[in-house]
Amino acid sequence: MTFIDVDTLGNLRPISKVVFSLGSNVGDSLEILQAAVTQLASTPDVIPVDVSSVYLTDPISDIPQPDFYNLVLVCETTLEPATLLDRIYALEEAFGRVRDVPNGPRTLDIDLVMVGKRERETPELTLPHPRAHERGFVLVPWLEADPLGELPGKGKVADLVKTVDVSGVHKTDEVIELP
């Protein structure tokens, strides 16, 4: 595989695959997820490639709460991870996300799973997402939307999904459309 020295590109930036995992279990979750996908896909320099079906999933928490609706959105982008994270936070805030209870119920949760092959760890962001390889609610929809997907440093999504418990991940008939 040939890597591009991004310092030689001048104002050009390489296109990277980006994977977003979206979830909601408060409010009209399906409407919220559709609006969030539409907003992410309309972000300048973000090109939607595919969106998974919607999955109903068990919460990963001891806090009593409704099941989550989850999906994965695969895009291509020239944006930096920090810019994508700013966009995610703005969308979550716009949909009333409250961050007072870890793993608690939420109107909208968007995780930046990966941006190209980048690895980074800052107080704000770790790439690839440090627990994506352990989460059926990420891997199952990701495999559907991107059958050849690969999580940097962990392996092919098709292989990773075989190593996790997916008993709490159920495909629904609900459809989220790309704009």
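The residue numbers shown here count from 1 along each chain, following its written sequence. Thresholds applied to this predicted model are a pLDDT of at least 70 for local features of residues and 80 or more for the giving and counting of side-chain atom pairs; totals over whole chains, interfaces and linings are not thresholded and use all residues. Processing note: side-chain calculations cover all non-hydrogen atoms of the structure and skip hydrogens and water entirely.

Trainee: Just give me the short version of unusual backbone geometry, but keep the residues and values in it.
Mentor: With the exception of glycine, the majority of residues adopt a negative phi angle, and the majority of peptide bonds are in the trans configuration. Going from Leu127 to Pro128, the amide bond is cis rather than trans, its omega being -10°. Helix numbering and strand numbering both begin at the N terminus, where a helix is a DSSP run of H or I of at least 4 residues and a strand a DSSP run of E of at least 2. Relative to the elements of secondary structure, Pro128 occurs in the loop between strand S7 (126–127) and helix H3 (136–145). Positive phi, normally seen in glycine, also occurs at Asp45, with a value near 70°. Examined against the element boundaries, Asp45 turns out to sit in the loop between helix H1 (29–41) and strand S2 (46–51).

Trainee: Could you give an account of the pairing of strand S4 (residues 68–77), naming the residues involved and the relevant values?
Mentor: Burial within S4 is extensive, with 8 of its 10 residues counted as buried. The pairing criterion is simple: DSSP has to find at least two bridges between the two strands. As judged from the 9 bridges shared by strand S1 (residues 16–24) and S4, these two strands associate in the antiparallel manner. Among the inter-strand pairings, Leu22 is bridged to a residue of S4, identified as Leu71. By the bridge criterion, 5 bridges tie S2 to S4 in an arrangement that is antiparallel. Along S4, the bridge assignment pairs Val51 with Leu73. Here's how the labels work: a residue is buried when its accessible area is under 20% of the maximum for its type, exposed when over 50%, partly exposed in between, all with a 1.4 Å probe on protein chains only.

Trainee: Please give an account of the nonpolar core that cites residues and values.
Mentor: Put simply, a nonpolar core is a bunch of buried Ala, Val, Leu, Ile, Met, Phe, Trp, Tyr and Cys residues held in one set by side-chain atoms that sit within 4.5 Å of each other. Phe20, Leu22, Leu71, Leu73, Leu84, Ile110 and Leu112 are the most contacted members of the largest nonpolar core, which has 26 residues in total. When residues of this core are traced back to their parent elements, those giving at least two are S1, H1, S2, S4, helix H2 (81–94) and strand S5 (109–115). The contact criterion used is simple: two residues touch if any of their non-hydrogen atoms lie within 4.5 Å. Ignoring sequence-local partners within four residues, the contact set of Leu112 consists of Val18, Val19, Phe20, Pro81, Leu84, Leu85, Ile88, Leu125, Leu127 and His129. Counting residues in hydrophobic clusters, the runner-up holds 19 residues, among them Met114, Ala132, Phe137 and Val140.

Trainee: I'd like a rundown of the pattern of salt bridges, residues and numbers included.
Mentor: Here a salt bridge means any side-chain nitrogen of Lys or Arg lying within 4 Å of a carboxyl oxygen belonging to Asp or Glu. According to the stated counting rule, one finds 5 salt bridges in the structure shown. Taking the shortest distance from any N to any O, the salt bridge between Arg118 and Glu80 comes out at 3.7 Å. Placement of Arg118 in the loop between S5 and strand S6 (120–121) and of Glu80 in the loop between S4 and H2 is noted, with a sequence separation of 38 residues between them. Notably, a salt bridge pairs Asp109 with Arg106, separated by 3.5 Å at the nearest N-O pair. Exposure remark for Arg106: the relative accessible area of 13% places this residue in the buried category.

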